[in-house]
Amino acid sequence: DIVYVLPGYTETVSGADAWSGLGTTTDVSIIGMGHGTNRPTITWSATASSVLMDVANLSISNMILTLEPGAGTVTVTAPITVTGAGCSITNCRINTGTDSNNKVSIGITVTTAADFTFSNNQVRGAAAATCVTFLRLNGATNPVITDNEIVCGTTAAAVGPIQELTTACTGVLIHNN
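What you are looking at is a predicted structure, and each value in this text was computed from that prediction instead of being measured.

Draft legend 1. Seen up close, the overall build of the chain. Within the chain, the regular secondary structure consists of 0 helices and 20 strands. In terms of overall dimensions, the chain is globule-like: its C-alpha atoms have a radius of gyration of 15 Å, near the 16 Å expected for 177 residues. For the chain, the C-alpha atoms occupy an extent of roughly 40 × 40 × 30 Å along the three principal directions. Per-residue burial for the chain yields a buried fraction of 45% across its 177 residues. By sequence separation, contacts in the chain at least 24 residues apart represent 86% of the contacts at least 6 residues apart. As displayed, the chain has an accessible area near 7,600 Å², and 53% of this comes from carbon and sulfur atoms.

Dropping the structure here:
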């Protein structure tokens, strides 16, 4: 299935597992139309708001993903969790925070997912909007992280914007970021 999302479309993710309506459907591509700031925008608005990429071959492409609400005082804990094989996030603009009151803790968590691809994305966060880490890999197999611009602060120098934690990953390719 291919879902084309129109330019200028906006959606708010306000609860946990917001796209659970996909059920067990696999091989879904969500493709944003438009370019620059006219791409479709998905905004996470609450601490526990999340999208689970927990089915095989779910891809998100050419969207603006605002992992924090930009207003009020909200730290979104874990907006995107990837556990499905063959999932990808490509060609997206991803905002991680506007200030110390509006930010994300861990932007994307990849656990046990095989062949996850994160490529050609532009990640930005304000200097005061530090996250724990932006992309956490935990037991992933063959993840590909390539051709991204990742500019965001973290709460500890020893962590960095990409972190491998708890369970060792295998076949990790991090290139040209």
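There is more to say after this.
Draft legend 2. Local environment of the packing of aromatic side chains. Counted under the stated rule, the structure contains 2 aromatic pairs. Their ring planes at 25 degrees and their centres at 6.5 Å tell us that Phe 116 and Phe 118 sit as a pair that is stacked. We note that Phe 116, like Phe 118, is buried. With a centroid separation of 5.8 Å and an interplanar angle of 55 degrees, the aromatic rings of Phe 118 and Phe 134 are classed as tilted. Of the two residues, Phe 118 is situated in strand S14 (residues 117-119) and Phe 134 in strand S16 (residues 133-138); the sequence distance between them amounts to 16 residues. When its relative accessible area of 0% is taken as the criterion, Phe 118 is described as buried. On the basis of relative accessibility, which here comes to 0%, the residue Phe 134 falls in the buried class. One aromatic cluster is present, formed by Phe 116, Phe 118 and Phe 134 through successive ring pairs.

Draft legend 3. Spatial organisation of the sheet that holds S16. Taken together, 5 strands build an open sheet; the order of strands is S5-S9-S13-S16-S19 and the sheet is parallel. Pairing within the sheet leaves two strands with one partner each, and these edge strands are strand S5 (51-53) and strand S19 (162-164). This sheet shows a mean twist of 15 degrees between the axes of neighbouring strands, independent of strand direction. Sheet analysis places strand S13 (residues 106-111) next to S16, joined by 5 bridges and oriented parallel. Along S16, the bridge assignment pairs Thr 109 with Arg 136.

Draft legend 4. How the structure looks around the sheet that holds strand S6 (residues 59-61). Spatially, S1-S3-S6-S10-S14-S17-S20 is the arrangement adopted by the 7 strands of the open sheet, whose pairing is parallel. Every other strand in the sheet has two partners, leaving strand S1 (2-5) and strand S20 (173-175) as the edge strands with one partner each. Here the strands of the sheet are splayed against their neighbours by 5 degrees on average, with no regard to which way each runs. For S14 and strand S17 (residues 144-146), the ladder comprises 3 bridges, and the chain directions are parallel. Its bridge partner lying in S17, Ser 119 is registered against Thr 146.

How each quantity is defined
Residues numbered from 1 in each chain as written. Predicted model: local features only at pLDDT ≥ 70, side-chain atom pairs only at ≥ 80, totals over all residues. Heavy atoms only, no water. Helix = DSSP H or I, 4+ residues; strand = E, 2+ residues; numbered from the N terminus. Rg over C-alpha atoms; globule rule 2.2 N^0.38 Å. Buried < 20%, exposed > 50% of the residue type's maximum accessible area, 1.4 Å probe, protein only. Contact = heavy atoms within 4.5 Å. Areas by Shrake-Rupley, 256 points an atom, 1.4 Å probe, with all protein chains shown as cover. Phe/Tyr/Trp six-rings, centres within 6.5 Å; stacked < 30°, edge-to-face > 60°. Pairing = 2+ DSSP bridges. Axes fitted to C-alpha atoms, helices over the stretch in contact; angles between N-to-C directions.

Nothing here speaks to function; it is geometry throughout.
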